[in-house]
Amino acid sequence: MQSLDIEFQSPAAIRAFQEDLLRRQMAYLAEHSPFYRRLFAEHGIDPTQVRTLDDLTRLPFTEKEHLQRFNDDFICCDRADIIDYITTSGTTGESVTFACTDADLERLALNEAKSFAMAGVGRESIVQLMTTLDKRFMAGMAYFLGLRRLGAGIIRVGNGIPELQWETIRRIHPDTLMCVPSFILRLIQYAEEHNIDYRRCGVRRIIGIGEGLRDQDFRLNLLGSRIHEKWPEVQLFATYSSTEMGATFAECSEGCGGHVHPELIIVEIIGEDNRPVADGETGEVVVTTLGVEAMPLLRFRTGDMAKKCTERCTCGRHAYRLTPLIGRKHNMIKLKGTTLYPPAVNDVLDHADYVENYVVIVQDSAAGTDEVVVRIGLRKASPEAQRLLAAAPGHTPDLLIKDLKDRFRSRLRVAPLVEICPIDEIAHINFPAKSRKPVKFIDRRTHP
Ligand SMILES: [Zn+2]
């Protein structure tokens, strides 16, 4: 049965299959989408002439800003056919409404059923959902629908509350947890403080959302390694998805990138010249959704930077994979001719044990290029700091700055400016009153 799945067929078969769906998508948009009908007219596009993936690359992009400005014009169905309303945050803070028909909910169920199955979840599994199922989000509901389709057991605990999570694990014995990976560290800490033998609780896999677990070479990143060191019994799976895509890129047990589901989405990787890059090169993830009824999207710019891997995976799937995200396009930094993204800068800082906290500031230099200033709070009692201090007493700050700059040069080829600040001052910047996420990156550039 599995060999019939399109994901296991040849690249040529996958391409022909997607091009057939693309032609249907173009006809559907030409008939039902106010936004795309107008776009086709304005650009003199004949939708019947868009027949191949190469033809697709000649169409204009859809930007997030279009979704904000013309939200209702993206809806292709009658209001009465909409079942579920979802919102997602826009670039300028204003929300975008997403709508799902019954067929769209079935499509989401298929997407998540395939993604969970890829991680080995099946009828016998019990999955504890540590994600929000309401609050106008798509994800939690989609997981529920996908697991229901698989016939797996589902426990809807929702996010947070370690005590309730552990009580549920003890009571119902799930083998799979679905959550934001950093929450696992909190769960482990709670277990350690309350003498819970978490390593023998029966959980065998953790599927992560919202945060990466691997580096570009697919080895576990710092977060992934921390979880693995504490809890080696569980296998970690990373996923990448968004409301706009209505599709998930999920890892198989080989853990080497998120597989595309070819029946749901076409992915292009676009370079700075707005042309597709060669396979294996970094660019922006641009998606065309397939089979969506209420709000289909054509060449939607996600703003996420990744690479496409097209060689066959050791799991047997030919369906291409996406690498872990490299960063957000608008956060791209050009430092002394080298292209960087904040996550790579953070990674160097996260690995330096004498860095207590930090903030990365990018600003225009006098020469009109990007200038990066890293402000760090020092943990002087750390073993590394002590070692460097012992080597040359009296010069600690200078030596630590030099050490950090060397680390930047060896990992990123360039080093930013480094300034030492009081820990309190950095903490104040990291956790402003209104923000729910810690602020570690400040962009002061005056973008053109
Ligand atoms: Zn695979």
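Okay, so let's go over this structure. (Residues numbered from 1 in each chain as written. Predicted model: local features only at pLDDT ≥ 70, side-chain atom pairs only at ≥ 80, totals over all residues. Heavy atoms only, no water.)

### Description of the overall build of the protein chain
Basically, it comes down to this: Helical segments are the DSSP runs of H or I of at least four residues, strand segments are the runs of E of at least two, and each set is numbered from the N terminus. Radius of gyration: over C-alpha atoms. The globule rule applied is 2.2 Å multiplied by the number of residues raised to the 0.38 power. Relative accessibility decides the category of a residue: with a 1.4 Å probe and only protein chains considered, values under 20% of the type maximum give buried, values over 50% give exposed, and everything between is partly exposed. It only takes one pair of heavy atoms within 4.5 Å for two residues to be counted as in contact. With residues, only the protein chains shown are counted as cover, and all accessible areas are computed by Shrake-Rupley using a 1.4 Å probe.
Assigned secondary structure in the protein chain consists of 13 helices and 21 strands. In summary, the protein chain has a C-alpha radius of gyration of 23 Å against a globular reference of 22 Å for 448 residues, a match within 12%. Over its C-alpha atoms, taken along the principal directions, the protein chain stretches across nearly 75 × 60 × 40 Å. In the protein chain, which comprises 448 residues, the share counted as buried stands at 51%. Sequence separation of 24 or more characterises 65% of the internal contacts of the protein chain that already satisfy a separation of 6 or more. When the accessible surface of the protein chain is split by element, carbon and sulfur atoms take 50% of a total near 21,700 Å².

### Comments concerning unusual backbone geometry
Residue Arg-299 is not a glycine yet carries a positive backbone phi of 50 degrees. Relative to the helices and strands, Arg-299 is located in the loop between strand 11 (283-289) and strand 12 (300-306). For Arg-299, a relative accessible area of 1% translates into the label buried. Of note in this structure, Lys-336 is not a glycine but carries a positive phi near 45 degrees.

### Some words on the packing of aromatic side chains
The following threshold applies: For Phe, Tyr and Trp, where Trp contributes only its six-membered ring, two rings pair if their centres lie within 6.5 Å, and the inter-plane angle classes them as stacked under 30 degrees, edge-to-face over 60, or tilted in between. The criterion is that NZ of a Lys, or CZ of an Arg, lies within 6 Å of the ring centre and within 35 degrees of the ring normal, and then a charge sits over that ring.
All told, the structure shown has 9 aromatic pairs when counted by the stated rule. Summarising the aromatic geometry, the rings of Tyr-36 and Phe-74 are spaced 5.7 Å apart at their centres and angled 85 degrees between planes, so their arrangement reads as edge-to-face. Here Phe-74 lies in the loop between helix 4 (64-69) and strand 1 (82-89) and Tyr-36 lies in helix 2 (residues 34-42), a separation of 38 residues in the sequence. Both residues of the pair, Tyr-36 and Phe-74, belong to the buried class. Aromatic pair Trp-166 and Trp-231: ring centres 6.2 Å apart, planes at 35 degrees, arrangement tilted. Placement of Trp-166 in helix 7 (residues 162-172) and of Trp-231 in the loop between helix 9 (222-230) and strand 7 (235-242) is noted, with a sequence separation of 65 residues between them. Across the pair, exposure class does not vary: Trp-166 and Trp-231 are buried alike. Three or more aromatic residues joined by ring pairs form one cluster here, namely Phe-35, Tyr-36, Phe-40, Phe-70 and Phe-74. Residue placement shows Arg-38 over the ring face of Phe-70; its charged tip is 5.1 Å from the ring centre. In this structure, Arg-301 packs its charged tip against the face of Phe-61, placed 4.2 Å from the ring centre.

### Concerning the pattern of salt bridges
Filter applied, for reference: One speaks of a salt bridge when a side-chain nitrogen belonging to Lys or Arg is within 4 Å of a carboxyl oxygen belonging to Asp or Glu.
All told, the structure shown has 37 salt bridges when counted by the stated rule. Between Lys-402 and Asp-406 there is a salt bridge, with its nearest N and O atoms 3.1 Å apart. Here Lys-402 pairs with Asp-406, and both are found in helix 12 (residues 396-412), just 4 residues apart, close to one helical turn. In this structure, a network of salt bridges that share partners links the residues Asp-5, Glu-7, Lys-114, Glu-263 and Arg-317.

### Some words on the sheet that holds strand 21 (residues 441-443)
To keep things clear, this is the line we draw: Paired strands, in this sense, are two strands between which DSSP finds at least two bridges. For helices, the fitted line uses only the C-alpha atoms of the stretch in contact; every axis is such a line through C-alpha atoms, and the angle between N-to-C directions lies from 0 to 180 degrees.
Ordered by their spatial adjacency, 4 strands build an open sheet running 20-19-18-21, and the pairing between neighbours is mixed. Each of the sheet's edge strands pairs with one partner strand only, and the pair in question is strand 20 (417-421) and strand 21. Strand-to-strand twist across the sheet, computed as the mean angle between neighbouring axes with direction ignored, equals 20 degrees. Both strand 18 (residues 355-364) and strand 19 (residues 370-378) contribute to a ladder of 9 bridges, which runs antiparallel. Its bridge partner lying in strand 19, Ile-361 is registered against Val-373. Along the sheet, helix 12 contacts strand 18, strand 19 and strand 20; its crossing angle with strand 20, the most-contacted strand, is approximately 140 degrees. Sitting on the sheet, helix 13 (residues 423-430) touches strand 18, strand 19, strand 20 and strand 21, and the angle it makes with strand 18 is about 65 degrees.

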